[in-house]
Amino acid sequence: MLRLGSVAAAGVLCPRLEAAPTARSGSGKKGLCITTKSKHWAQRLEAVKAHWFYSWGSNIPQGIPKGIDFTPMIWGYWGNEESIAKAGAAAKAAGIDTLLGFNEPDQKSQANMKLEKALKTWPLLMKTGLRLGSPGCVHPDNDWMKGFMAAAKQRKLRVDFVCVHSYGGANPDALIKRLHTIHKMYGKPIWITEFAVGDWDAKSPEQNRHRPGAVLKFMEKVLPRLEQLDFIERYAWFPAGQNNNALGTSALFDPSGKLTRLGEFYRDF
């Protein structure tokens, strides 16, 4: 899927995160996936009153707003075992207890990992002692993911929850049904680490068949249901820009940084 940027897990910063009471509404499930290469990433987290976020990397960003949790990710693997160990140590030092697995390893333009390589690397993530989210595949029910989860169970590799990416249409019932299917398939809690409404045939934002009003209705119906589902632990909207052909009508911000109507609903939910 389209990315704002790929982040390698090389160097690791170690600031301690400050836990603080927050007036944010909701159960704590609502989050954002956002690159910290963006100039105003911290302000945008605060603007939507996110409870948590991740940035496709293991580095703990400087300047995280108080009361917002950061979850590191091991985006991919290029043979540097020490980088994973350092990421785990930095997370523990900062009071973080969770680590996300590889980003779309089944996608050539993303982590692009053979199944066996991912399985052989997974024990390095386990050594961190952190709670582990599965690799986040393009589709959580494709052959790569099924093969990983089956082999992990056979080899007694620990996977604590399943990461789901979803960029389908504006049908809340279809998404909820699919989440139930994934939960039943793997028997694990779910984090929706990327989701939005997408039209992958659109050649321009104007041609996108999912108009902003339809995406807003989708969000209005689906978020309460995600909150009600016990097996959905967290979810993170993907805040593409309004100029994105496939995802522009799912934008939370306009080009000036002002919240769209969709962004205002996400903020207030």
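Residues numbered from 1 in each chain as written. Predicted model: local features only at pLDDT ≥ 70, side-chain atom pairs only at ≥ 80, totals over all residues. Heavy atoms only, no water.

Here's the deal with the pairing of strand 8 (residues 232–237)
Right, on to step 1. The buried count for strand 8 comes to 5 of 6 residues, which makes it a mostly enclosed element.
Right, on to step 2. In this structure, strand 1 (residues 30–33) lies alongside strand 8, joined through 3 bridges in parallel fashion. Paired with L32 across the bridge in strand 8 is W237.
Right, on to step 3. Bridge analysis of strand 7 (residues 190–195) against strand 8 gives 4 bridges, and the strand direction is parallel. Of the residues in strand 8, the one forming a bridge with W191 is R234. (Buried < 20%, exposed > 50% of the residue type's maximum accessible area, 1.4 Å probe, protein only. Helix = DSSP H or I, 4+ residues; strand = E, 2+ residues; numbered from the N terminus. Pairing = 2+ DSSP bridges.)

Focus on the packing of aromatic side chains
Right, on to step 1. In total, this model carries 17 aromatic pairs according to the counting rule given.
Right, on to step 2. On the numbers, 5.9 Å between centres and 10° between planes, the contact of W75 with W78 is stacked.
Right, on to step 3. Since its relative accessible area comes to 6%, W75 is described here as buried.
Right, on to step 4. The class for W78 is exposed, based on a relative accessible area of 56%.
Right, on to step 5. An aromatic cluster is defined as three or more aromatic residues linked by ring pairs; in this entry it consists of W52, Y54, W56, F161, Y167, W191, W200 and F238.
Right, on to step 6. Over the aromatic face of Y266 sits the side chain of K30, whose NZ or CZ is 5.4 Å from the ring centroid.
Right, on to step 7. Geometry around F253 places R44 over its ring, the cationic atom sitting 4.5 Å from the centre. (Phe/Tyr/Trp six-rings, centres within 6.5 Å; stacked < 30°, edge-to-face > 60°. Lys NZ or Arg CZ within 6 Å of the ring centre and 35° of its normal.)

As for the pairing of strand 1
Right, on to step 1. Along strand 1, one buried face is formed by K30 and L32 and the opposite face, lined by G31 and C33, is buried too.
Right, on to step 2. Summarising the sheet, strand 1 and strand 2 (residues 52–54) pair through 3 bridges and their orientation is parallel. Bridge assignment links G31 to a residue of strand 2, and that residue is W52.
Right, on to step 3. Handedness of the strand 1-helix 1 (residues 41–47)-strand 2 crossover: right-handed. (Right-handed = clockwise from strand over helix to strand, strands pointing away.)

Quick notes on helix 6 (residues 212–228)
Right, on to step 1. Taking 1.5 Å of rise per residue, the 17 residues of helix 6 would be expected to cover 24 Å, and the 25 Å separating its terminal C-alpha atoms lies within 8% of that figure.
Right, on to step 2. The complete set of buried residues in helix 6 reads V215, L216, F218, M219, V222, L223 and L226.
Right, on to step 3. Buried residues in helix 6 make contact with helix 5 (172–186), strand 7, strand 8 and helix 7 (261–268). (Expected span 1.5 Å × (residues − 1). Contact = heavy atoms within 4.5 Å.)

Description of the sheet that holds strand 1
In sheet architecture, strand pairing relies on hydrogen bonds along the backbone and comes in two forms, parallel and antiparallel.
Right, on to step 1. Pairing is parallel across the open sheet formed by 6 strands, whose spatial order is 3-2-1-8-7-6. Two strands close off the open sheet at either side, each with one partner strand: strand 3 (69–70) and strand 6 (162–166).
Right, on to step 2. Across 2 bridges, the pairing between strand 2 and strand 3 is parallel. From the neighbouring strand, F53 faces strand 3, where its bridge partner is F70.

Side note on the nonpolar core
Right, on to step 1. If you look at the biggest cluster of nonpolar residues, it comprises 85 residues, and the most contacted ones within it are F148, L179, F195, L226, W237, L252 and Y266.
Right, on to step 2. In terms of residue count, helix 6 provides more of this core than any other element does, 7 residues in total.
Right, on to step 3. If we ignore the near neighbours within four places in the chain, the residues touching L179 are V164, I190, I192, L226, F231 and I232. (Core = buried A, V, L, I, M, F, W, Y, C linked by side-chain atoms within 4.5 Å.)

Observations concerning the pattern of salt bridges
Right, on to step 1. What the rule picks out here adds up to 9 salt bridges.
Right, on to step 2. Note that R234 and D69 form a salt bridge whose closest N and O atoms lie 3.3 Å from each other. Placement of the pair is R234 in strand 8 and D69 in strand 3, with a sequence separation of 165 residues.
Right, on to step 3. With a relative accessible area of 15%, R234 lands in the buried category.
Right, on to step 4. Owing to a relative accessible area of 40%, D69 belongs among the partly exposed residues under this scheme.
Right, on to step 5. Here E233 makes a salt bridge to R131, at a shortest N to O gap of 2.9 Å. Of this pair, E233 sits in strand 8 while R131 is found in strand 5 (residues 131–133), placing the two residues 102 residues apart along the sequence. (Salt bridge = Lys/Arg side-chain N within 4 Å of Asp/Glu carboxyl O.)

A short note on the confidence of the model for the protein
Right, on to step 1. On average, residues of the protein carry a pLDDT of 91, and 90% of them reach 70 or more.
Right, on to step 2. Predicted confidence for residues 1–22 stays below pLDDT 50, and this span has 60 contacts to residues more than four positions away or in other chains. (pLDDT = per-residue confidence, 0-100.)

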